[in-house]
Structures are given as C-alpha cells and as structure tokens.
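Summary of the model geometry
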Amino acid sequence: MKDPIPVARITDHGTAKLMPDIDRERAWLLTVDGAPQSYVDLDDPAHLEFEYTRRLGHVLDVVAEPGRALDVVHLGGGAFTLPRYVAVTRPGSRQDVVEADRGLLELVSGHLPLPQGADIALHAADARRWLENAPAASADVLLADVFSGSRVPAHLTSVTYVREAARVLRGSGVYLANLPDAAPFGFLRSQLATLATVFEELVLIAEPGVLRGRRFGNAVLVAGHQPVDVVALARLTAADAFPARVEHGVALREFIGGARAVRDEDAVPSPEPPDGAFGIG
C-alpha cells in the first residue's frame, strides 16, 4: 500500500493543501495559505485535534441528550470536521455545510469522503446570503466558523446577521461561533454585545492565557434563549490537555463592559493575527 501524498490546489480563495499525518493512518491536515484550518481522521471522525474544535465539540455534546439527532447548519466548511463529528456522535442528524469557496468544497469532498450514510448537504454560497434564504426555525444548532484568509468577514459580525441566525434557529436552538482576538478584546467584547441584542443566554469558552492577555487565540461563543449546561461544559473543557475557562453570568457581563453592538455600517473583520499565531513550519 502506497503512503498517502500531500495534495495542493489553488481554490477560489487561496491555496489549499491536504497533508497526511504520519502518526495517524488516514488522518489529514487542511491548510489554506499556510494556516492550519482543519484536521480529520477518516477512521475516527470523533477525534478532534484542534483545541477550539474540541471546545465546539463539547458544546455539541451538551446541547441535547447524548445521541439525539439534531438539525445543524455549519457556516464555513473546512474539511467538514464537525459535520463528521455530529454524524457519528448523533446518528440521523440532518446537516447543511455552507462554504463560499467552491474549489475547497470540491477538493475536500473529492479526497476525504464523508461518513457513509451521513445526511450532509454541501452548499457553495456566501454564509449570510444563504442564511437570508434559509427557512425560519429550521435548525437546532448554527455553528459559525467562517474565515476569509485569517479573519472573520465583517458582514458576519453585525446585529443584522445575528438576527438572521436567530431567525433560522428554533426557540431552543443554540448559536456557536469561533472567533479570534487578543487583549484588550475589542472585537470579542463587541461580538458578545451584538449577540446580547438577540439572545438572553451567553457563554464564553477560552484558554486562560488568552483571557489574561498573554497571547492571541480563539474563543468559542455560545448563545441561545435557554441556559446551557455550564457545569457539564466546564467539566469537559477542564479535562482537555489544554484546559479552558467557561465564563457566563455576572463575570461575562463584566467582561463585555460598555462594548457596543455592531451595526452593518460599522462592521469590521476580526483582527489580523500576529505573525506565526496560527501558521505551521
């Protein structure tokens, strides 16, 4: 049997590479313009390699009783890591993956097949435009992990966008987002304030070193109309190799402080990460 070889392709929005992991058979790393974007183990789709992806996985584990099928919308495709995770941990789930880069969709779906029998529909479309045309109250979970290069696009940061996300979610639905920032957290605070205009319940998950301002990093935001099981979430995130803190309630309101919600006309992309923040050698 031949060893797998890397695959590279210029897609609509950059240069994508699929690189085999020498330590795990049939595991692959996806990079776009040199930045690690996704990791997939085809033999073990429940394996989540990246820290922020594990934190999103923990939220997916606690939003409903174990094994219950969910309707999930993923904004941002990558290598379909979390759609694969949901397919094997919650069999029977119906999922939509929305990715603006058609070339990336074709590369990943062609080289890294989805789990057999998984109900996962792929859509080559802009995330906000797709949401605006999606049926109301049609999703249990809406997960946003969208990057243009290394930044979250501005049009996915405003109150108008959040209202569309809330419209597509059912009343018990949960919105998740992966957002990058660093102290003094102007972007992250404004995103929490924006979500608070629509959702009553907010949770922030991040590595302590990031929250203390020591480095640039990812934060996972959780929003909904009903409380999230923060006790279970804190237990899961604390058990990770790189533990994270779960902030909610008074502490999170203090973190948001006087930050203002973002209007379309004021929206800006997430901050540019410093050199080497997410790159690989």
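We now turn to the structure provided with this report. (Residues numbered from 1 in each chain as written. Predicted model: local features only at pLDDT ≥ 70, side-chain atom pairs only at ≥ 80, totals over all residues. Heavy atoms only, no water.)

**Side note on helix α6 (residues 186–196)**
In an α-helix, one turn spans 3.6 residues, which is why side chains three or four residues apart end up on the same side. Threshold: Each residue is placed in one exposure class: buried if its accessible area under a 1.4 Å probe, protein chains only, is under 20% of its type's maximum, exposed if it is over 50%, and partly exposed if it falls in between. Strands here mean DSSP runs of E at least two residues long; helices mean DSSP runs of H or I at least four residues long; both are numbered from the N terminus. When checking whether two residues touch, look at their non-hydrogen atoms; a contact exists if any pair is within 4.5 Å.
Among the 11 residues of α6, eight are classified as buried, and the element is accordingly described as predominantly covered. Considered for burial, the residues of α6 that qualify are Phe 187, Leu 188, Ser 190, Gln 191, Leu 192, Ala 193, Thr 194 and Leu 195. On its buried face, α6 sits against α5 (159–168), β9 (169–181), β10 (201–206), β11 (217–224) and α9 (249–256).

**With respect to the sheet that holds strand β12 (residues 245–248)**
Quick note on the threshold: Criterion used throughout: strands pair if DSSP finds at least two bridges between them. Helix axes are fitted to C-alpha atoms over the stretch in contact, other axes to C-alpha atoms as well, and angles between N-to-C directions run from 0 to 180 degrees.
Read across the sheet, eight strands follow the order β7-β6-β5-β8-β9-β11-β10-β12 without closing on themselves; strand pairing throughout is mixed. Both edges of this open sheet fall to β7 (119–124) and β12, since each of them pairs with a single strand only. Going from strand to strand, the sheet's axes swing by 15° on average, the running direction of each strand aside. Relative to β11, β9 is paired through eight bridges, and the arrangement is antiparallel. Counterpart to Asp 181 in the pairing with β11 is Gly 217. On top of the sheet, α5 reaches β5 (71–75), β8 (139–144) and β9; it is set at about 140° to β9, its chief contact. Of the strands in this sheet, β9, β10 and β11 touch α6, which is tilted by about 170° from β9.

**Points about the side chain of His 74**
Put simply, the rule is: N or O atoms within 3.5 Å of each other form a polar contact, as long as, within protein, one can give a hydrogen and the other can take it, and as long as residues adjacent in sequence are counted only when both atoms are side-chain atoms.
One can find His 74 in strand β5. Exposure remark for His 74: the relative accessible area of 2% places this residue in the buried category. A polar contact is formed between the side chain of His 74 and the side chain of Gln 95, at a distance of 2.6 Å.

**Quick notes on the packing of aromatic side chains**
Inclusion rule: The aromatic pairing rule takes the rings of Phe, Tyr and Trp, using the six-membered ring of Trp, and pairs them if the centres are within 6.5 Å, calling planes under 30 degrees apart stacked, those over 60 edge-to-face and the rest tilted. By definition here, charges over rings are those cases where NZ of Lys or CZ of Arg is within 6 Å of the ring centre and within 35 degrees of the ring normal.
Tallied over the entire structure, the rule returns four aromatic pairs. Between Tyr 175 and Phe 199, the aromatic rings sit 6.4 Å apart at their centres with planes inclined by 15°, giving stacked as the arrangement. Taken together, the residues Tyr 175 in strand β9 and Phe 199 in the loop between α6 and β10 connect sequence positions 24 residues apart. In terms of burial, Tyr 175 and Phe 199 fall into one category: buried. Ring centres of Phe 185 and Phe 255 lie 5.5 Å apart, and the angle between their planes is 50°; on these two criteria the pair is classed as tilted. Here the residue Phe 185 occupies a position in the loop between β9 and α6, and Phe 255 occupies one in helix α9, the gap between them amounting to 70 residues. Judged by relative accessible area, Phe 255 falls into the buried class, the value being 16%. Members of the aromatic cluster, each reached through a chain of ring pairs, are Tyr 161, Tyr 175 and Phe 199. Note that Arg 189 overlies the ring of Phe 255, its terminal NZ or CZ placed 4.4 Å from the centroid.

**Considering the pairing of strand β3 (residues 27–32)**
Of all six residues in β3, six are buried, a share of seventy percent or more. Both faces of β3 are covered, namely the face carrying Ala 27, Leu 29 and Thr 31 and the face carrying Trp 28, Leu 30 and Val 32. Strand direction decides the pairing type here: strand β2 (residues 14–20) and β3, joined by five bridges, are antiparallel. Paired with Leu 18 across the strands is Leu 30, a residue of β3. Between β3 and strand β4 (residues 35–41), which pair antiparallel one after the other, the connecting turn spans two residues, and Asp 33 there sits at a positive phi close to 55°.

**Details of the sheet that holds β3**
Pairing within the open sheet is antiparallel, and its four strands lie in the order β1-β2-β3-β4. With one partner strand each, in any of the chains shown, β1 (7–11) and β4 form the two edges of the open sheet. Across this sheet, the average inter-strand angle for adjacent strands is 20°, counted without regard to direction.

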